[in-house]
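Examination of the molecular architecture
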Amino acid sequence: MLGYIDKIREISKRLLDEGRVDMVVGFRKGSMPMMNEPSFIKNSGEVSKLVWDSNCGINLANYLTDRKEKIGVIAKGCDSRNIVTHILENKIKRDQLVIIGVPCKGMIDRRLITAMFDTEVREVNEKGDTVTVKGAGFEKKLKKSDILQDNCSKCIHRNPVLYDELAAPLVEEQKDIDRYAEVRRIEAMSPQEKWQYFEDLIAPCIRCYACRNACPLCYCPTCFVDESRPQWVGKSQDETDIRTFHFLRAYHCAGRCTDCGACERACPVGIKVRQFTSKLNKDCLDMFGWEAGVLPDQRPPLDTFKPADPGDFIK
Amino acid sequence: MEHMGVEPGRLSFSWISSAESTKFVDVVKDVTATVKALGPNNNFKKAADKVT
Ligand code: SF4
Ligand code: SF4
Ligand code: SF4
């Protein structure tokens, strides 16, 4: 994946020089290892700041909401699906965008790597499928496939679904992946066990809303959690309020979530917030045969009616 | 909601026209009976309101 960057820079430079875009949204190196950050490049002299490696897990569609400029945007499979969703939801116009597609081989899980070592990880390099992690007094080589983000290890849309330029040849999609084993495990529990599972899951939540902020779907001018007239949900750390936030956030993503993992990646206390959205994704697939952001010309299941829609829950 | 641990039956959806008074009564009776059978809900209550 490292080799992609020359092509990304070349395309970005060309787009900026030709005036086809006002800026390119991509990644630059973060101040900490494994934490690349979004970058807005406005003149072609700056394209050398752009980087590409396995630490680009942030979803760049998040930075397109309601923008008025012409934008070149770098898009992995999941970003491209969120871009499609943005276009369907009128958050950006297709003709404002030049999508620089990046066939993706997965992003690495920073939390997993940090947890493997007792002391701070100072440097992370990668070459092909080997990731070398260095810190004070240790150096270890890891296989990339062992340290992928959970969502990436289950991803079946690594190639961008919509693009104008391509930074590299398309990659082979992962096949025969069991995406919903964990959801099924929870489905099999008794109501009380389920309740307890989610209780334990969200117990460390500090309600910082980083998961919401990282998600491209969460673009409401005033989020329901911030509204005070009327106040939809309590602001306290009471478990009821925390849970209300979590299940409502998840419902707002129903039929829209691309499982990009940006929410989970952003959480400072490492809560697996995708446990909520995964169930909704699974249901959307089972009931409506729907995966978000894959079909640019179809309305999502929750804003259309089809005679065959399941309705047995209505009594 | 059921996935999160709310018991099946505690939450119901119906589609009743304002002209369907008998259906409304039936549904309400039905829902009340199901919820009563489930007993008091002790999840999803603020700490201060918990019945101990
Ligand atoms: S979810 Fe798929 S496209 Fe997105 S970063 Fe992971 S592997 Fe790449
Ligand atoms: S809810 Fe999480 S996984 Fe789903 S689109 Fe938003 S950030 Fe991505
Ligand atoms: S990012 Fe984590 S701690 Fe913050 S609100 Fe979301 S789940 Fe809670």
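Residues numbered from 1 in each chain as written. Chains lettered and ligands numbered in written order. Predicted model: local features only at pLDDT ≥ 70, side-chain atom pairs only at ≥ 80, totals over all residues. Heavy atoms only, no water.

**Some remarks on the sheet that holds strand S2 (residues 37–41) of chain A**
Within a beta sheet, neighbouring strands are joined by backbone hydrogen bonds and run either parallel or antiparallel to one another. Residues and elements named next belong to chain A. Our working definition: By the convention used here, strands pair only if DSSP detects at least 2 bridges between them. By definition, any uninterrupted DSSP run of H or I lasting at least four residues is a helix, any uninterrupted run of E lasting at least two residues is a strand, and each is numbered from the N terminus.
One open sheet holds the 5 strands; their spatial order is S2-S1-S3-S4-S8, and the pairing between them is mixed. Whereas interior strands pair on both sides, the edge strands pair on one side only; in this sheet they are S2 and strand S8 (165–166). Where strand S1 (residues 23–28) and S2 come together, 5 bridges link them in antiparallel fashion. Its bridge partner lying in S2, Gly26 is registered against Ser39.

**A word on the site of ligand 1**
Residue and element names in this part refer to chain A. To be explicit about the condition: What makes a residue near a molecule or strand is one non-hydrogen atom of that residue sitting within 4 Å of it. Amino acid classes used here: Ala, Val, Leu, Ile, Met, Phe, Trp, Tyr, Cys and Pro are nonpolar; Asp, Glu, Lys and Arg are charged; the rest, including Gly, are polar.
The immediate surroundings of ligand 1 are formed by Lys76, Gly77, Cys78, Cys104, Gly106, Met107, Asn151, Cys152, Cys155, His157 and Arg158. Elements with a minimum of two residues in the shell around ligand 1: helix H2 (77–88) and helix H4 (150–153). Along the lines of polarity and charge, the residues of the shell around ligand 1 split into 5 nonpolar, 4 polar and 2 charged.

**Concerning the state of the cysteines**
Our working definition: Disulfide: a pair of cysteine sulfur atoms within 2.5 Å of each other.
One pass over the structure, following the stated rule, counts 0 disulfides over all chains. Here Cys223 of chain A stays free of any disulfide, with the sulfur of Cys218 of chain A as its closest cysteine sulfur at 6.4 Å.

**Some thoughts on the sheet that holds strand S7 (residues 138–143) of chain A**
All names here are of chain A. So the rule is basically this: The axes used here are C-alpha line fits, helices contributing only the stretch in contact, and every angle between their N-to-C directions lies in the interval 0 to 180 degrees.
Spatially, S5-S6-S7 is the arrangement adopted by the 3 strands of the open sheet, whose pairing is antiparallel. Two strands lie at the open edges of the sheet, namely strand S5 (121–127) and S7, each paired on one side alone. Across the sheet, the mean angle from the axis of one strand to that of its neighbour is 20°, orientation sign disregarded. Summarising the sheet, strand S6 (residues 130–135) and S7 pair through 6 bridges and their orientation is antiparallel. Bridged to Lys134 within S7 is Glu139.

**As for the interface of chain A and chain B**
Here is the rule we go by: Here a residue-residue contact requires only that any non-hydrogen atoms of the pair lie within 4.5 Å. Two parts placed together each lose some accessible area under a 1.4 Å probe, and the buried area is that loss summed for both. Counted as salt bridges are all cases of a side-chain nitrogen of Lys or Arg within 4 Å of a carboxyl oxygen of Asp or Glu. Two N or O atoms count as a polar contact when they lie within 3.5 Å, although within protein this holds only if one can serve as hydrogen donor and the other as acceptor, and sequence-adjacent residues are included solely when both atoms are side-chain atoms.
Facing 24 residues of chain A, the contacting portion of chain B comprises 18 residues. Taken together, the two surfaces of chain A and chain B that pack against each other cover about 1,800 Å², and 63% of this comes from carbon and sulfur. Of all residues in chain A, Trp195, Thr240 and Lys315 of chain A bury the most surface against chain B, accounting for 34% of the area lost on that side. Linking chain A with chain B are 0 salt bridges. Where chain A packs against chain B, one counts 5 residue pairs in polar contact (both at pLDDT 80 or more). Sorting the residues of the side of chain A that touches chain B by element identifies helix H5 (181–187), helix H6 (191–202), helix H8 (239–252) and helix H10 (274–288) of chain A as the ones contributing at least two each. Residue contributions to the side of chain A that touches chain B peak at 7 residues, all from H8 of chain A. Of the residues contributing to the side of chain A that touches chain B, the split by class is 10 nonpolar, 6 polar and 8 charged.

**A few points about the pairing of S6 of chain A**
Residue and element names in this part refer to chain A. In terms of strand pairing, S5 meets S6 through 6 bridges, oriented antiparallel. Note that in S6 the partner of Glu126 across the bridge is Val131. With antiparallel pairing between neighbouring strands as the criterion, S5 and S6 make up a hairpin whose turn holds 2 residues, including Gly128 at a positive phi of roughly 55°. Hairpin connection, S6 to S7: the antiparallel pair is bridged by 2 residues, and Gly137 has positive phi, about 80°.

**Observations regarding the domain arrangement of chain A**
Accessible area lost on assembly of the parts is the figure often given for the size of an interface. Residue and element names in this part refer to chain A. We apply this condition: As used throughout, domain bounds are those supplied by an automatic or database domain assignment.
Structurally, chain A comprises domain 1 (1–106 + 153–168) and domain 2 (178–309). The interface is formed by 23 residues belonging to domain 1 together with 22 residues belonging to domain 2. The contact between domain 1 and domain 2 buries some 2,100 Å² in all, and 52% of this surface belongs to carbon and sulfur atoms. There are 1 salt bridge connecting domain 1 and domain 2. Here Glu89 ties to Arg256 by a salt bridge, and the two come within 2.8 Å at their closest N and O atoms.

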